[in-house]
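Take a look at the letters that make up each chain.
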Amino acid sequence: MSDRARIGFDVRRWETWPHAWKEWALRVLAMAIGVGVVGVLLATSRDLGYARDEGFYFHAARRYAEWFSLLADDRAAAIRRGAVDAHFVTNHEHPAFVKSLFALSHLADRRFHLFDEPGTAFRFPAMVLAGVMAMVTFLWGARRIGVAAGIVASLSLVFMPRVFYNAHLACFDVPITALFISTFYAYDRTLETSGIRWPVTTGVIFGLALNTKHNSWFLPIALSAHAMALALVAWRTKTSVRGAVRRPIAALIAMASIGPLVFVLGWPWLWFDTWARFKEYASFHLNHEYYNMEFLGQNYWEPPMPRLYAPVMTLATVPFVTLACAAVGLWVRGRDAVKGLRERDEDWQSRHGTTLLWVMGVLVSYGAWTSPNTPIFGGTKHWMNAYPFLALLAGAGLARAAGALREELELRGISRLPTAVAPICAALAIGSPVVQALRAHPWGLSAYTPIVGGAPGAASLGLNRTFWGYTTGSLVDYLNREVPKNGRVYPHDTAAPAWDMLQADGRLRKDIVAVWSADEADIALYHHEMHMQGQEYQAWVAFGTVQPDIVRGLDGVPVIWAYKRQSLATSGQSQKK
Amino acid sequence: MKRVNLRWLYAALPLAGAVEMVAAIGFGHAAPGPDDYERLVPELASVYREGDLVVVTPRWAEPHVRHAAGDPFFPLRAIARSDDASFPRVVEISLRGARSDAFEGYREVDHREVGNLELFVLENPAPERVVFDFVEALEPGWASAGGTDPPTTCPWNPRAEIMTGGLGGHPGFPRARFVCPDSPYLNVSATVIADQSFLPRRCIWAHPTKRGARVVRYSGVPLGDRIEGHGGMYWMIERERKGAPVTLEVRVDGETVGSVVHEDGDGWKPFSFPLEERAGRPSATVEFFVSSPDYRDRHFCFQADTR
């Protein structure tokens, strides 16, 4: 019995469909998933305030947009060093591809009024890349396991609560995750096809990944390791080593040649003083400053960082059902792969090469966080690249479970139930992540899974409650109501451009002035982070009260609260209607 | 014996999803809501006595109680205390049965349930009587401030401009404070800092001077058996461990009763100086001298009382 038949997870009579039909069906389904994901993100974006880093990227994208406008008007002037440097010096510690997309989306919105809010225009390209991430995950899962398994993998990924939060943002973390898995996928397609289409595609996507975030540096390591592993397998199974590595090497050559070209051409900052500027960029990330992060009641801001951080936080934030399915997927597929190796299976590469690739994806994404010198300040987003692979393994695990259960039911002569097994299993596997992600929104960075007791359990354990200052967005109704006309607010950790975007969106009254210390403010916000508690104490002294005027958060756990100047509190002076 | 078919174990996977989904919803509704905290206030008011310490366990829920109950139940001397020993009674508000270890040995004298919250009134078996609290008494009636080199005085300004450092900046300087020459930092005031554990500490801001020492002088102080307290700096200042040591010397009626050196990394460091033959004097002059060989970024703050 073939694996695909055994898993019982495909569309009815799928095996009998002509190949071209199947291809089109997969593409249509992938597109539907991608569009659906973008639709959900757009529909929920308005609830979510702007993260600190988004503010910096808005600023950079506006400078890029000016350059694109110049490029359209006067190409010769735009490509001169002075113009390039003037526009791309902003935020040059990060590459340009995604910020360029933010800029182009911003320009398109200004011209065609595509979005309700200007902030959404900046966020939209990252949302599209989240859709791409979901599509690629689906396609890969559907091709290698089955359609429903692909759907489970794709939706399990998107609705991991932290991924769902990050997928809204005009940041680089979900875009690099999308391009990371896309590079892997293109490489895998290279292995199963002939011709130059997929190697070239691998090279181009790798170039875009390089031009998105430095996580991409791990891609050649992972894929070279995979190629070497295939060579070893070929040697073991007494098949042609040359034949085994021919296509992987084609992809790697394309990555080595096309990737850097796309990287440099797509990042105008590197057009001049290329090597010096690249070294500066690399050095920034290789010697990154340490920021603070709470973990199990301790604040970490310098090495040694806790080695348990990545595994514990994964367990605490990725839905357990996804992890359990991934563990089963890894076990059953790993066991099959080892068995194939023992038996010197000549078709080992085509049967198990993809599983090996998924495992490589997980290992290379977590690898850096086994070092106590790797910063942890960004929380789970640091290793988000691993999550598509975990989701694919989860799809594989659930497929195997559904297949086994269906077979058992069929053996017992229960004729109707077996066809419902796969949809029921899929619904139960996806249901938990969906519920968790939607319940946590818009408090995504406060979301914790039931295994640690949810948000209340995590607060008691001393796990970070929030960062990036984005939860100001959850108090705009309060601020609009309570701040007197032309009143002043201390936004604490919300960066000025993120605050400005709330006003540009029309979410926050434009007359409200942001000030940068509590003593100048009528209302002082406090976003809770362990190392930020001094900010709250400043408000106590400045306002002469320890009584917050409002407390909001997730599941009864305070995340953001606000202090009101006593004179305002007693006079009732506000914009209350 | 019939062999168990392990393939049915696969059913655990989708079932895990169902259980997790229910648990996620359950945890979401388990914590007390705003109504619970509002209903707690009359109960709290009915048991609370002036001088009680109100604590919330777990501490993360405290903002909800402060929001609902307000300042009368959370004076700064209690919420930003350095120790619990001087409080004769503790009102512990507990979520879902969570209890603090700090009050083991205290006698429970009252217990009430309000929705998901419980309220325990606990009696301290051996409260320490504070004879004089130097932080609370930091005002012209009791205290004065100055420097030794050159000799300077810091006039009391009840209407100075409130100052807070913002993100990463200095603690708040209250409106009423002793204003010293040269820099706004060089004031003497009762503030609250985040210590090395990020806990709030009510203390006297006494930044050392470039030369000599900053002096905070109290007159007419009734003495207990000892002067004890704590000293430290805002966490961000201490964490680099690059600053010069700060010395706090305590004199009673002109004689040194003890001194403590604070090195970066010491955190909220306790000290206790027995008063020996001076113990129990009804009126004494107590002086705190704060000095450092390099006064830069020495955001020193101390708390002291005599008990």
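Residues numbered from 1 in each chain as written. Chains lettered and ligands numbered in written order. Predicted model: local features only at pLDDT ≥ 70, side-chain atom pairs only at ≥ 80, totals over all residues. Heavy atoms only, no water.

### Description of the overall build of chain A
Line of reasoning, step 1. Helix and strand content of chain A: 24 helices and seven strands.
Line of reasoning, step 2. In terms of overall dimensions, chain A is globule-like: its C-alpha atoms have a radius of gyration of 25 Å, near the 25 Å expected for 577 residues.
Line of reasoning, step 3. For chain A, the spread of C-alpha atoms along the principal axes amounts to about 80 × 65 × 50 Å.
Line of reasoning, step 4. Every one of the 577 residues in chain A was classed for burial, and the buried ones make up 63%.
Line of reasoning, step 5. Of the contacts formed within chain A by residues at least 6 apart in sequence, a portion of 76% connects residues at least 24 apart.
Line of reasoning, step 6. By element, 61% of the accessible surface of chain A is carried by carbon and sulfur atoms, the whole surface being about 21700 Å².
Line of reasoning, step 7. Placing the 55 positive and 44 negative side-chain charges of chain A at their respective mean positions leaves the two points 6 Å apart. (Helix = DSSP H or I, 4+ residues; strand = E, 2+ residues; numbered from the N terminus. Rg over C-alpha atoms; globule rule 2.2 N^0.38 Å. Buried < 20%, exposed > 50% of the residue type's maximum accessible area, 1.4 Å probe, protein only. Contact = heavy atoms within 4.5 Å. Areas by Shrake-Rupley, 256 points an atom, 1.4 Å probe, with all protein chains shown as cover. Lys, Arg positive; Asp, Glu negative; His and termini not counted. Charge placed at Lys NZ, Arg CZ, Asp CG, Glu CD.)

### As for the overall build of chain B
Line of reasoning, step 1. When you go through chain B residue by residue, the secondary structure sums to five helices and 18 strands.
Line of reasoning, step 2. A compact globule built from 307 residues would reach a C-alpha radius of gyration of about 19 Å, whereas chain B, at 25 Å, exceeds it by more than 25%.
Line of reasoning, step 3. Taken along its principal axes, the extent of the C-alpha atoms in chain B is 95 × 45 × 45 Å.
Line of reasoning, step 4. Burial analysis of chain B (307 residues in total) assigns 51% to the buried set.
Line of reasoning, step 5. For chain B, long-range pairs separated by at least 24 residues make up 70% of all intrachain contacts whose partners lie at least 6 apart in sequence.
Line of reasoning, step 6. Charge centroids of chain B, computed over 35 positive and 43 negative side chains, lie 4 Å from each other.

### A few points about the interface of chain A and chain B
Line of reasoning, step 1. With 69 residues of chain A at the contact, the number on the chain B side is 58 residues.
Line of reasoning, step 2. Interface area, chain A with chain B, both sides summed: about 5100 Å², of which 65% is carbon and sulfur.
Line of reasoning, step 3. Secondary-structure elements contributing two or more residues to the side of chain A that touches chain B are α16 (320-342), α18 (387-411), α19 (417-440), α20 (454-461), α23 (533-543), β6 (550-554) and β7 (557-564) of chain A.
Line of reasoning, step 4. Each residue belonging to the side of chain A that touches chain B can be placed in one class, and the counts come to 36 nonpolar, 21 polar and twelve charged. (Buried area = accessible area lost by both parts, 1.4 Å probe. Nonpolar A, V, L, I, M, F, W, Y, C, P; charged D, E, K, R; others polar.)

### Describing the state of the cysteines
All names here are of chain A.
Line of reasoning, step 1. In this structure the tally under the stated criterion is two disulfides over all chains.
Line of reasoning, step 2. Disulfide partners in chain B, listed by the sequence order of the bonded cysteines, are 1-2, 3-4.
Line of reasoning, step 3. Cys 425 supplies the cysteine sulfur nearest to Cys 325, a cysteine that is in no disulfide, at a spacing of 8.6 Å. (Disulfide = S-S within 2.5 Å.)

### Considerations on the environment of Ala391(A)
Residue and element names in this part refer to chain A.
Line of reasoning, step 1. Among the structural elements, Ala 391 can be located in helix α18.
Line of reasoning, step 2. Exposure remark for Ala 391: the relative accessible area of 0% places this residue in the buried category.
Line of reasoning, step 3. Once the C-alpha coordinates of Ala 391 and Ser 154 are considered, the two residues, 237 residues apart in sequence, prove to be 6.9 Å apart.
Line of reasoning, step 4. When neighbours within four sequence positions are excluded, Ala 391 is seen to be in contact with Ala 153 and Leu 157.

### Quick notes on the nonpolar core
Line of reasoning, step 1. Ranked by size, the top nonpolar core spans 256 residues in total, and within it Phe184(A), Tyr387(A), Leu479(A), Phe134(B), Tyr218(B) and Phe288(B) carry the most contacts.
Line of reasoning, step 2. Top contributing element to this core by residue count: α18(A), with 15 residues.
Line of reasoning, step 3. Ignoring sequence-local partners within four residues, the contact set of Phe134(B) consists of Ile204(B), Tyr218(B), Val221(B), Ile227(B), Val286(B), Phe288(B), Ala304(B), Asp305(B) and Thr306(B).
Line of reasoning, step 4. The next biggest cluster of nonpolar side chains, apart from the first, holds nine residues, and it includes Phe87(B), Phe103(B), Tyr106(B) and Leu122(B). (Core = buried A, V, L, I, M, F, W, Y, C linked by side-chain atoms within 4.5 Å.)

### Describing the sheet that holds strand β14 (residues 246-252) of chain B
Residues and elements named next belong to chain B.
Line of reasoning, step 1. The antiparallel open sheet is built from six strands, whose spatial order is β7-β6-β12-β17-β14-β15. Each of the sheet's edge strands pairs with one partner strand only, and the pair in question is β7 (151-153) and β15 (255-262). Each adjacent strand pair in this sheet contributes to an overall mean axis angle of 20°, direction not counted.
Line of reasoning, step 2. Taken together, the six bridges between β14 and strand β17 (residues 284-291) define a ladder with antiparallel strand orientation. Within the sheet, the bridge partner assigned to Val 252 lies in β17 and is Val 286. (Pairing = 2+ DSSP bridges. Axes fitted to C-alpha atoms, helices over the stretch in contact; angles between N-to-C directions.)

### Thoughts on the confidence of the model for chain A
Line of reasoning, step 1. With 96% of its residues at a pLDDT of at least 70, chain A reaches an overall mean of 94.
Line of reasoning, step 2. Across residues 1-8 of chain A, where pLDDT falls below 50, the model places 23 contacts with residues more than four positions away in sequence or in other chains. (pLDDT = per-residue confidence, 0-100.)

### Concerning the domain arrangement of chain B
All names here are of chain B.
Line of reasoning, step 1. Each domain of chain B was delimited in the assignment, giving domain 1 (34-123) and domain 2 (132-306).
Line of reasoning, step 2. With eight residues of domain 1 in contact, the opposing surface of domain 2 contributes nine residues.
Line of reasoning, step 3. In this assembly, domain 1 packs against domain 2 so that about 730 Å² is buried in total across both faces, 51% of it on carbon and sulfur atoms.
Line of reasoning, step 4. Applying the counting rule to domain 1 against domain 2 returns zero salt bridges.
Line of reasoning, step 5. Classifying every residue of the side of domain 1 that touches domain 2 gives three nonpolar, one polar and four charged. (Domains from an automatic or database assignment. Salt bridge = Lys/Arg side-chain N within 4 Å of Asp/Glu carboxyl O.)

### Thoughts on the domain arrangement of chain A
Residues and elements named next belong to chain A.
Line of reasoning, step 1. Annotation of chain A at the domain level lists domain 1 (3-396) and domain 2 (470-571).
Line of reasoning, step 2. Each of domain 1 and domain 2 has a C-alpha centre, and these two points are 36 Å apart.
Line of reasoning, step 3. At the junction of the two partners, domain 1 supplies 23 residues and domain 2 supplies 15 residues.
Line of reasoning, step 4. For the pair domain 1 and domain 2, the number of links is two salt bridges.

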